[in-house]
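This is what each chain is made of:
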Amino acid sequence: EAGVAQSPRYKIIEKRQSVAFWCNPISGHATLYWYQQILGQGPKLLIQFQNNGVVDDSQLPKDRFSAERLKGVDSTLKIQPAKLEDSAVYLCASSLGSSVGETQYFGPGTRLLVL
Amino acid sequence: DQQVKQNSPSLSVQEGRISILNCDYTNSMFDYFLWYKKYPAEGPTFLISISSIKDKNEDGRFTVFLNKSAKHLSLHIVPSQPGDSAVYFCAARDSNSGYALNFGKGTSLLVTP
């Protein structure tokens, strides 16, 4: 079974530029998550989708971050404009459903450096 | 506001010995707890979990213990192997809040031969 795919793996941009990350979840997984992991911290949820609907985006900085999952499969996360403090690893995860015992499977992440 | 705390940033254990990783939480609404393992340049991988209605869950060399009154859980690895060297994240979820995982900062485990 193929895992969660993410691209690009690394990205370096200057502040105020825009950037987009792509995620392809495990086939058949209805729930998709984007996490931000700053160096030395644990992952922090940015947004959760159930199929193509948003379940939780309470911690997404909506003035600069946006995410979509148009067909309920792939998802993109965009930052526009980027700030220095956005430097982090952006992890995508998916799970079959969203019940309490569901395991979330993580992709390898996209490492973003904002200069 | 860190609701899940891993107060030991690192731990070093000899091969064959027991590794004990600790985690404390503050939110009494958490009802499911998980441990994830992370190698460099990879995403976290699910290791083991425990529901709040249990106090112990075992899977091979890995056992998780939950003490709800103390809001504390621990992961025991017996015997430890060099391949266990990784960062271990404790995570918790509140089923009334969309099942988002709240992660600790992680503990880096080094198992030496």
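Just so we're clear, the structure is a prediction, and the values are computed from it rather than from any experiment.

Caption draft 1: How the structure looks around the interface of chain B and chain A. With 21 residues of chain B at the contact, the number on the chain A side is 23 residues. A buried area of about 1600 Å², summed over both sides, lies between chain B and chain A, and 54% of it is on carbon and sulfur atoms. On the chain B side of the contact with chain A, B:P44, B:Y99 and B:F103 bury the most area, a combined 26% of that side's loss. The interface formed by chain B and chain A contains zero salt bridges. One can count four residue pairs in polar contact (both at pLDDT 80 or more) joining chain B with chain A. Counting only elements with at least two residues in the side of chain B that touches chain A, the list comes to β4 (32-38), β9 (86-93) and β10 (101-103) of chain B. Residue contributions to the side of chain B that touches chain A peak at three residues, all from β4(B).

Caption draft 2: Representation of the environment of A:L96 within the structure. Residue and element names in this part refer to chain A. Looking at the element boundaries, L96 is found in the loop between β9 (88-95) and β10 (105-106). With 86 residues separating them in the primary sequence, L96 and Y10 have C-alpha atoms 27 Å apart. Ignoring any residue separated from it by four or fewer positions in sequence, one finds L96 in contact with G28, H29, A30, T31 and E102.

Caption draft 3: Geometry of unusual backbone geometry. For the bond from A:S7 to A:P8, the omega torsion is -10°, close enough to zero to count as cis. A cis amide bond links A:Q80 to the next residue, A:P81, at an omega of -5°. Its location among the elements puts A:P81 in the loop between β8 (75-79) and β9. Positive phi outside glycine occurs at B:A41, with the angle close to 65°. Mapped onto the secondary structure, B:A41 falls in the loop between β4 and β5 (45-51). On the basis of relative accessibility, which here comes to 40%, the residue B:A41 falls in the partly exposed class. Phi angles above zero are rare outside glycine, and B:K71 is one such case at about 50°. Structurally, the position occupied by B:K71 is in the loop between β7 (62-67) and β8 (72-77). Judged by its relative accessible area of 26%, B:K71 falls in the partly exposed class.

Parameters and conventions
Residues numbered from 1 in each chain as written. Chains lettered and ligands numbered in written order. Predicted model: local features only at pLDDT ≥ 70, side-chain atom pairs only at ≥ 80, totals over all residues. Heavy atoms only, no water. Contact = heavy atoms within 4.5 Å. Buried area = accessible area lost by both parts, 1.4 Å probe. Salt bridge = Lys/Arg side-chain N within 4 Å of Asp/Glu carboxyl O. Polar contact = N/O pair within 3.5 Å; in protein donor to acceptor, adjacent residues only side chain to side chain. Helix = DSSP H or I, 4+ residues; strand = E, 2+ residues; numbered from the N terminus. Buried < 20%, exposed > 50% of the residue type's maximum accessible area, 1.4 Å probe, protein only.

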